[in-house]
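Each chain, written out:
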There are 2 protein chains.
Amino acid sequence: MENWINAEERTEDIVISSRIRLARNLKHTPFPNKLEEKEARENIDTVEAAFNINEKNRAKFKTVRLWENSPSVARSYFEKHLISANLIKGYTKTAFLLSKDETVSVMINEEDHIRLQCITKGLNLREAFHEADRLDSELEQYLEYAFDEKFGYLTVCPTNLGTGLRASVMIHLPALTMNNEITSLLKGLTQVGMTIRGLYGEGSSADGNMYQISNQITLGVSEEEILSNLEAVVSQVIDQEIRAREVLKTKYYYELLDKIYRALGVLKNAVILSLKECLELLSYVRMGVEMSIINDINKKLLNNLLVEIQPASLQVKVDKKLSGKDIDIERAKLVREVLR
Amino acid sequence: MENWINAEERTEDIVISSRIRLARNLKHTPFPNKLEEKEARENIDTVEAAFNINEKNRAKFKTVRLWENSPSVARSYFEKHLISANLIKGYTKTAFLLSKDETVSVMINEEDHIRLQCITKGLNLREAFHEADRLDSELEQYLEYAFDEKFGYLTVCPTNLGTGLRASVMIHLPALTMNNEITSLLKGLTQVGMTIRGLYGEGSSADGNMYQISNQITLGVSEEEILSNLEAVVSQVIDQEIRAREVLKTKYYYELLDKIYRALGVLKNAVILSLKECLELLSYVRMGVEMSIINDINKKLLNNLLVEIQPASLQVKVDKKLSGKDIDIERAKLVREVLR
């Protein structure tokens, strides 16, 4: 797998990253919300030990115990989509195993005991699933999972029962947003069993015209069905976005250029930049790159910015605690430097 | 006098140009609105001949007969503040004498037979008046003006009676506009006998935070009083604007920088620029230059842009008739090229 942030993506890709998440629980251990701090930490050691029996894993992964890190550092992992907000919330009892290339993370004591996540660049659900499945099978050799013949893998929340699989893609839909088709599109996706979320999952807004599309149902369908359903839906969405971009290019060419270059001009010059505005402007620049209108900026740089402009990542980078306006000033400074 | 557009102004100047206009009529000739085309054109010849008796004038001035020029060319003189909209309106009967350095213009058959105008850079009313007075005295040797012992110089509109003198300055007030003090300031100026107009005189809007302040009263006061009153008022306005800029710099430094640099970023990158937006953005850049925040742009360049972005000047420059959106595209292109 390739890290989505640093991969040299094809410029025309509309899907930014693909993610597979498996939810698993241990048979003889109470669910994480029932664990005391001591038991929870023991559970972390158990999972870590099982995972590290394979020497390759030991060499490739590190364990991050949340309570050993500052809130900013913890949050910066979240901003890279490597851990969940929930894992941070329970920081006295949680940890995660992280691969050096930051494509695999195994959250321990999130809502479930184990949340194994593989994230890769572009539309690549199969590759991510293959890796997740491999690591899951490996773990299953050493850990006894809570499994029921009828319900499959048991999870805290019934929406994860069965396969425990959530497959999702992060997709960039500026043209469908600009032409206002996005609302009915998203509604349609919900009707065919998809969940749509913003840039940072549940409850987050779709800033920067970024959407996460994932399967809603995990029970009573095979992993294969989940993946091919999602692939089919995403392919359709990609087609619609491409068509919308073609219309923009044909009918509103100068307006399109204006939007893209103004965004670039503001990013290169602003002195105060809110996260929301910055994401929106980066979205137009990204569209410009994806449509080969802007040719001297690559998507690796834009992906890195997508993460680096987030508040915690920004503070970790400048190694300073910042508040309110200072964050917006530091963000603008970073963006100016990167784009210059 | 120095041409206000091309003069190397001191960066800190807030007054862009000073203008003196004298209204005069010939004693035995009906007012312009009563003249047939033939008589009007004869009148042009009469004034031109009188003016050109002085050989220096003949060498330094050219005569532009409005009917011999395209509407765009005529309009481009207006956009440089060299002639009035009224002169263009009566184009079959009007003309003007224009000095090569474009600091002096003598409009013939505008509302009055003669409208002698001197325009110079910065706050320089005395210099402009001195030149206007000199040329007026010269003309008076050869032409018999309509003059009344009691009412002074007779003019078509009673608001110009007496001295026939209108003195005005073009002033740039972005900070007073930003802090919303401008409305009460302008109201106050009206109360002390000043007229406030936009960038292009009567009825025009104050786009780009540019205001023309001029004397309302021409009768019953001496030329000296008119000039010193206006100077006093303008000095006060300058002080207020400077104070407002200091407050911005002290209390809202980053917001100020943000406003200025974003404006520059948009001007350097936009693909479609309306006149109104362009003037507003140029105003912030000008403020940046005037406050020594931007140091690599000079005001000569900004003054030239102020004129060149106007629709007729733009069409004359690219030698093409443009309409609607095409003007906004051409304007953006020009601005990008000039600021690059």
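As the structure is a prediction and not an experimental result, all values here were calculated from the model.

## Focus on the sheet that holds strand 2 (residues 61-65) of chain A
All names here are of chain A.
Then, number 1: Spatially, 8 strands are ordered 2-3-4-5-1-8-10-9 in an open sheet, and the strand pairing comes out antiparallel. What marks the edges here is a single partner per strand, and that holds for strand 2 and strand 9 (194-197). Each adjacent strand pair in this sheet contributes to an overall mean axis angle of 20°, direction not counted.
Then, number 2: As paired strands, strand 3 (residues 95-99) and strand 4 (residues 104-108) are joined by 4 bridges and run antiparallel to one another. What sits directly across from leucine 97, in strand 4, is valine 106.

## Examining helix 3 (residues 71-79) of chain A
Residues and elements named next belong to chain A.
Then, number 1: Buried residues of helix 3: Ala74, Ser76, Tyr77, Phe78 and Glu79, and no others.
Then, number 2: Lining the buried residues of helix 3 we find strand 2, helix 4 (85-89), strand 3, helix 11 (299-308) and helix 12 (311-318).
Then, number 3: Positive phi appears at histidine 81, one or two residues downstream of helix 3, with a value of about 65°.

## Digging into helix 8 (residues 223-251) of chain B
Then, number 1: Taking 1.5 Å per residue, 29 residues should reach 42 Å; helix 8 of chain B reaches 42 Å between its end C-alpha atoms and fits that length.
Then, number 2: B:Ile226, B:Leu227, B:Leu230, B:Val233, B:Val234, B:Val237, B:Ile238, B:Glu241, B:Ala244, B:Arg245 and B:Leu248 are the residues of helix 8 of chain B that are buried.

## Looking at the nonpolar core
Nonpolar side chains tend toward joint burial in soluble globular proteins.
Then, number 1: Ranked by internal contacts, the top residues of the largest apolar core, which has 208 residues, are A:Leu116, A:Ile171 and B:Ile171.
Then, number 2: Those residues in contact with B:Ile171 that lie beyond four places of it in its chain are B:Ile14, B:Val15, B:Asn209, B:Met210, B:Tyr211, B:Ile213, B:Val234, B:Val237 and B:Ile238.

## As for the pairing of strand 5 (residues 114-121) of chain A
Residue and element names in this part refer to chain A.
Then, number 1: In terms of burial, strand 5 is a largely internal element, 7 of the 8 residues being buried.
Then, number 2: Relative to strand 5, strand 1 (residues 15-24) runs antiparallel, the two sharing 8 bridges. For isoleucine 20, the partnering residue across the bridge sits in strand 5 and is cysteine 118.
Then, number 3: As judged from the 5 bridges shared by strand 4 and strand 5, these two strands associate in the antiparallel manner. Following the sheet pairing, valine 104 is matched in strand 5 by cysteine 118.
Then, number 4: Once strand 4 ends, the chain turns through 5 residues before running back antiparallel as strand 5, passing asparagine 109 with a positive phi of about 65°.

## Examining the interface of chain B and chain A
Then, number 1: Taken together, the contacts link 16 residues of chain B with 16 residues of chain A.
Then, number 2: For the pair chain B and chain A, the summed buried surface comes to about 1500 Å²; carbon and sulfur atoms form 61% of the total.
Then, number 3: Salt-bridge contacts for A:Lys325 lead to B:Glu255; the nearest nitrogen and oxygen are separated by 3.2 Å.
Then, number 4: Looking at the side of chain B that touches chain A, the elements with two or more residues in it are helix 9 (253-269) and helix 13 (324-339) of chain B.

## Description of the domain arrangement of chain A
Residues and elements named next belong to chain A.
Then, number 1: Each assigned domain of chain A is listed here: domain 1 (15-243) and domain 2 (252-339).
Then, number 2: One C-alpha centre belongs to domain 1, the other to domain 2, and the line joining them spans 27 Å.
Then, number 3: In this complex, domain 1 contributes 17 residues to the contact, which on the side of domain 2 involves 18 residues.
Then, number 4: The junction of domain 1 with domain 2 conceals about 1400 Å² of combined surface from both sides, 66% of it contributed by carbon and sulfur atoms.

## Focus on the relation of the copies chain B and chain A
Then, number 1: For the pair chain B and chain A, the superposition axis carries a translation of 0.0 Å, the fit reaches an RMSD of 0.0 Å, and the rotation angle comes to 180°. The transformation just described matches what one would write down for a two-fold rotation axis. No C-alpha of chain B lies nearer the rotation axis than that of B:Gly265, which sits 2.2 Å from it.
Then, number 2: A share of 100% of interface residues in chain B that are also interface residues in chain A marks the association as one of identical surfaces.

## Describing the environment of A:Ser313
All names here are of chain A.
Then, number 1: As for its position among the elements, serine 313 is in helix 12.
Then, number 2: In this structure serine 313 comes out as buried when scored by relative accessible area, which is 10%.
Then, number 3: Each C-alpha atom, one on serine 313 and one on isoleucine 327, is 11 Å from the other, the two residues being 14 residues apart in sequence.
Then, number 4: Ignoring any residue separated from it by four or fewer positions in sequence, one finds serine 313 in contact with Ser76, Glu79, Val307 and Glu308.
Then, number 5: Reaching out from serine 313, the side chain makes a polar contact with the side chain of glutamate 79 at a distance of 2.6 Å.

Cut-off values and rules
Counting from 1, residues in each chain are numbered in the order their sequence is written. A letter from A marks each chain and a number from 1 marks each ligand, given out in the order of writing. In keeping with the model being predicted, local features are shown solely for residues with a pLDDT of at least 70 and side-chain atom pairs are shown and tallied solely at 80 or more, while totals for entire chains, interfaces and linings include all residues. The side-chain quantities take in all heavy atoms of the structure and omit both hydrogens and water. In this description, strands pair whenever DSSP reports at least two bridges between them. By definition, any uninterrupted DSSP run of H or I lasting at least four residues is a helix, any uninterrupted run of E lasting at least two residues is a strand, and each is numbered from the N terminus. Axis definition: a line fit to C-alpha positions, over the contact stretch in the case of helices; interaxial angles, taken between N-to-C directions, run 0 to 180 degrees. Each residue is assigned to one of three classes by its accessible area relative to the maximum for its type, calculated with a 1.4 Å probe on protein chains only: buried under 20%, partly exposed between the two thresholds, exposed over 50%. The contact criterion used throughout is that any non-hydrogen atoms of two residues lie within 4.5 Å. A helix's residues, less one, multiplied by 1.5 Å, set its expected span. Buried Ala, Val, Leu, Ile, Met, Phe, Trp, Tyr and Cys residues that are joined via side-chain atoms within 4.5 Å together make up what is termed a nonpolar core. By definition, the buried area sums, over both parts, the 1.4 Å-probe accessible area that each loses when the two are put together. For salt bridges, the criterion is a side-chain nitrogen of Lys or Arg within 4 Å of an Asp or Glu carboxyl oxygen. Where each domain begins and ends follows an automated or database-derived domain assignment. Residues reaching a pLDDT of at least 70 in both copies supply the C-alpha atoms on which the copies are superposed by least squares. For this analysis, a polar contact is any N or O atom pair within 3.5 Å, provided that within protein one partner can donate a hydrogen and the other can accept it, and provided that sequence-adjacent residues contribute only side-chain to side-chain pairs.

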